[in-house]
Amino acid sequence: MRFSPKYFIALILVLFWFALIRCKTRQSTDEPKKMAIVVSTLNNPWFVFLAERAAAKAKELGYESKVFDSQNNTSLETDHFENAISSGYDAILFNPTDADGSVVNVKNATAAGVPVFCMDREINSTNAATSQILSDSYSGCVTIAKYFVETLNKNGKYVELLGLVGDNNTWNRSKGFHSVVDHYAGLKMVAQQSADFDRNKAMEVLESILQANPDIDAVFCGNDAMAMGAYQALAAAGKSDKVKVFGFDGAEDVVKSIQDGKIKATGMQFPEVMAQTAATMADQYFKGKRDFPKKMPVAVEMVKKDNVDNYAAYGKK
Amino acid sequence: MKKIIRYVASLVLVALVAYNSVYFKKLDEVKAGTASFNAAKYASEFWTKKLLPHTTRAIEIGQLLTLLQTDKNKAFSDYSHALGIGNVRYFLVKGSGTVQAVEENQVLVKVASEREKPEVILVTEFVFGNAVRDASGEIDINEFTNSMDFNNVSAEINKIIREKIIPPFKSKVKRGDRINFIGAIELNKEHLNTRSIEIIPVDLKITN
C-alpha cells in the first residue's frame with residue numbers, strides 16, 4: 001500500500017487537530033490544580049503587591065501559581081492567556097489591562113473551561129468572567145471629592161491627572177470625583193490630562209501645566225503614583241505648601257506623605273482582600289461551587305491626616 | 001468521484017472553521033447595556049417602590065447607638081447593609097429631636113430618645129455617596145450591566161434628595177424647631193466613630 005504525499009499531509013493535519021483538541025480539553029484529576037495570575041503591570045508596586053498576595057493565598061490553599069506580567073499591553077496579555085490555557089492552568093486570577101480589550105481573553109479562557117476571576121479592574125462584560133472583585137473606585141472618589149470641596153472651601157482652580165484612558169477605574173474615579181465637584185461653580189478645572197498612572201509622566205505633565213497655570217490650588221490624581229509625581233513637580237516649582245494634592249490607592253509613600261502633611265488624602269484600596277477573595281473563589285470553583293456574584297465591590301476608605309494612624313500601606317494596620 | 005468527495009470535505013471543513021471563527025453582532029446590541037439604561041427613571045421607581053416602603057424598618061437612632069455600645073456585631077448584622085466586602089456599611093435610621101443650629105452645610109439636631117440622646121448632623125449640602133441607595137438592602141449590583149449605571153443610580157437618588165427633600169425643609173427650619181427625620185448613615189465597622197453622625201435625609205418633617 002502506497003500513500004501519496006497529499007494523504008500523508010492530510011493524516012498529519014488530522015492528528016494535529018486531535019492533539020489541539022486534546023490540549024484544550026485536558027482535564028486531569030490527578031495533577032494538582034494550578035492558578036495563573038495575570039496582572040496588568042509589575043512596574044507599579046501596587047500591582048506587585050496584588051500579585052504577591054494572590055500567589056501567597058493560592059499557596060496557602062495548596063495550589064501552584066505563576067505570575068504573568070502583561071506590561072500594560074493587551075497583545076502580551078493575550079499571549080499569557082494562550083500560554084496559561086495550553087499549559088493546563090485551571091483558573092486565572094486576572095488584573096485586566098483594558099476594560100474592552102481584555103474581554104476576548106476572558107471569553108476564550110471561559111470557553112476553554114478555565115474560570116477567570118478579575119481583581120481590581122473591571123472588564124466590560126457581565127458574563128465573561130466567573131466573578132469580578134473590584135474596588136469601589138467611584139464611591140471612594142465621591143468621598144475624596146467631598147473632602148476636596150470642603151478643604152478648598154468650594155472655591156479654587158485645580159488640575160486633574162487621569163490614569164490609563166482605556167481602564168474603567170480611570171473613569172470611575174474621575175466620574176466619582178466630578179459627580180461632587182461639578183456642583184460647585186467656584187471650583188474651576190484648568191487642565192485635565194492623562195499621565196497613565198505613572199509617577200514620572202505625572203511629574204512631566206504637571207510641570208508643563210504649571211507653566212500655563214501657575215496659580216492652581218489643588219491637584220486631583222487618579223492614583224498615588226501620579227500624586228507623588230505631582231507633588232515632586234510642585235516641590236520643584238516651590239508650590240508644594242500652597243497646592244493641595246489628592247491621590248488614590250493607599251500606596252506606602254503616600255500614606256507616609258499624608259502623615260508628613262505633604263499629601264492631603266488618598267482612597268485606601270485593599271489589594272490583599274481582593275487577591276485573597278479571588279484565590280478563595282477559585283478554590284471554591286475547583287470544589288464544585290458555580291454560583292458566584294458577577295461583581296463583588298470592595299469598599300474604599302478615605303485616609304487623611306486625622307485617621308492616617310489607622311492605616312498602613314495597602315490596607316489596615 | 002474521489003476528487004469531488006475531497007473537495008466537498010475540504011469545503012465543509014473550511015466552512016466549519018470559518019463559521020466558528022467569526023460572528024456578527026449589531027453594534028446597537030453591544031452598546032445597549034449602558035445606552036438604554038435610564039438611571040433617573042430607575043432611581044425614581046426605587047425611591048417610591050422600594051426605599052419609602054422600607055423606611056418602616058428604619059431603626060431609631062438612639063436605640064442603634066445603645067446597641068452599638070453593647071453589641072456592635074449584632075447592630076451591624078441586624079441593621080446594616082452593604083453591597084460588597086469591607087468595613088463601610090450603611091444603616092437606615094429614624095428619630096426626632098430639636099434643632100440646635102441651622103448652618104450653611106448642615107442642620108444640627110439634639111435627638112430626643114429613650115436611649116442615647118446624641119447631637120446628630122442632618123446633611124443639607126454634601127448629599128453624595130451611596131448611603132441612601134445601599135442602606136435599605138433593596139438593590140442588587142448584579143442587575144446592572146455596567147458599574148457606571150449602578151453609580152448613576154446613586155447620583156440620581158441624591159438628586160431627588162437635593163431637589164425635593166431638602167429645599168422645602170431648609171427654607172422653613174429654624175433653631176428650636178422640633179422635627180422628625182428618616183435617613184441613611186454610614187459607619188465604619190472597624191474604626192467606629194459615633195461622635196459625629198451624619199444623616200443623609202430621606203424624609204424631614206417640622207412638627208412644631
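The structure under discussion appears in the preceding block.
Please read these numbers as outputs of a predicted model, since none were measured by experiment.

1. Regarding the overall build of chain A
So, point 1. Each helix and strand in chain A was counted, giving 10 helices and 14 strands.
So, point 2. Taken along the three principal axes of its C-alpha coordinates, chain A extends 90 × 40 × 30 Å.
So, point 3. Per-residue burial over chain A gives 54% buried out of 317 residues.
So, point 4. Considering only residue pairs separated by 6 or more positions, chain A has 74% of its internal contacts joining residues 24 or more positions apart.
So, point 5. Surface summary for chain A: the accessible area is close to 13900 Å², and the carbon and sulfur share equals 52%.
So, point 6. Distance between charge centroids for chain A: 3 Å, based on 36 positive and 37 negative side chains.

2. Notes on the side chain of Ser70 of chain A
So, point 1. Position of Ser70 of chain A among the secondary structure elements: in the loop between strand 2 (64-69) and helix 3 (74-86).
So, point 2. Leaving out residues up to four positions away in the same chain, Ser70 of chain A has contacts with Val38, Val39, Ser40, Leu76, Glu77, His80 and Thr97 of chain A.

3. Let's talk about unusual backbone geometry
The phi angle of most residues is negative, glycine excepted, and most peptide bonds adopt the trans form.
Residue and element names in this part refer to chain A.
So, point 1. Of note, Asn72 is a non-glycine position whose phi angle comes to about 55°, a positive value.
So, point 2. Relative to the elements of secondary structure, Asn72 occurs in the loop between strand 2 and helix 3.
So, point 3. Positive phi values are uncommon outside glycine, yet Asn153 reaches one of about 55°.

4. Quick notes on the environment of Val308 of chain A
So, point 1. Topologically, Val308 of chain A is positioned in the loop between strand 12 (301-304) and strand 13 (311-312).
So, point 2. Residues Val308 of chain A and Ser194 of chain A, 114 residues apart in the sequence, show an inter-C-alpha distance of 28 Å.

5. A short note on a positive patch on the surface
So, point 1. A cluster of basic residues, Lys6 of chain A together with Lys2, Lys3 and Arg6 of chain B, forms a positive patch at the surface.
So, point 2. Element by element, the count of residues in the positive patch is highest for helix 1 (residues 2-21) of chain B, at three residues.
So, point 3. Mapped onto the elements, Arg6 of chain B comes out in helix 1.

6. Digging into the interface of chain B and chain A
So, point 1. With 29 residues of chain B in contact, the opposing surface of chain A contributes 35 residues.
So, point 2. Roughly 2600 Å² of surface becomes buried between chain B and chain A when both sides are summed, with 55% attributable to carbon and sulfur atoms.
So, point 3. Among the residues of chain B in contact with chain A, Ile85, Phe126 and Phe128 of chain B are the three that bury the most area, contributing 26% of the side total.
So, point 4. The shortest N-O distance in the salt bridge between Glu104 of chain B and Lys154 of chain A comes to 2.8 Å.
So, point 5. If you list the elements that add at least two residues to the side of chain B that touches chain A, you get helix 1 and helix 7 (147-170) of chain B.
So, point 6. With five residues, the top contributor of residues to the side of chain B that touches chain A is helix 7 of chain B.
So, point 7. Here the residues of the side of chain B that touches chain A are counted per class, giving 11 nonpolar, 13 polar and five charged.

7. Describing the sheet that holds strand 4 (residues 116-120) of chain A
All names here are of chain A.
So, point 1. If you trace the six strands from one edge of the open sheet to the other, you get 2-1-3-4-5-11, paired in parallel fashion. Every other strand in the sheet has two partners, leaving strand 2 and strand 11 (295-298) as the edge strands with one partner each. Going across the sheet, the axis of each strand differs from the next one's by a mean of 15°, ignoring polarity.
So, point 2. Those strands touched by helix 2 (residues 45-60) are strand 1 (34-39), strand 2, strand 3 (91-94) and strand 4, and its axis lies near 175° from that of strand 1.

8. Describing a nonpolar patch on the surface
So, point 1. A surface patch of nonpolar side chains, about 280 Å² in accessible area, is lined by Trp17 of chain A together with Leu13 and Val17 of chain B.
So, point 2. Here Leu13 of chain B lies in helix 1.
So, point 3. A relative accessible area of 47% means that Leu13 of chain B is categorised as partly exposed.

9. Remarks on the environment of Phe150 of chain B
So, point 1. When you line up the elements, Phe150 of chain B lands in helix 7.
So, point 2. Given a relative accessible area of 4%, Phe150 of chain B falls into the buried group.

What counts and how
- Residues numbered from 1 in each chain as written.
- Chains lettered and ligands numbered in written order.
- Predicted model: local features only at pLDDT ≥ 70, side-chain atom pairs only at ≥ 80, totals over all residues.
- Heavy atoms only, no water.
- Helix = DSSP H or I, 4+ residues; strand = E, 2+ residues; numbered from the N terminus.
- Buried < 20%, exposed > 50% of the residue type's maximum accessible area, 1.4 Å probe, protein only.
- Contact = heavy atoms within 4.5 Å.
- Areas by Shrake-Rupley, 256 points an atom, 1.4 Å probe, with all protein chains shown as cover.
- Lys, Arg positive; Asp, Glu negative; His and termini not counted.
- Charge placed at Lys NZ, Arg CZ, Asp CG, Glu CD.
- Patch = residues over 30% accessible without salt bridge, like charges linked within 9 Å, V, L, I, M, F, W, Y side chains within 5 Å.
- Salt bridge = Lys/Arg side-chain N within 4 Å of Asp/Glu carboxyl O.
- Buried area = accessible area lost by both parts, 1.4 Å probe.
- Nonpolar A, V, L, I, M, F, W, Y, C, P; charged D, E, K, R; others polar.
- Pairing = 2+ DSSP bridges.
- Axes fitted to C-alpha atoms, helices over the stretch in contact; angles between N-to-C directions.

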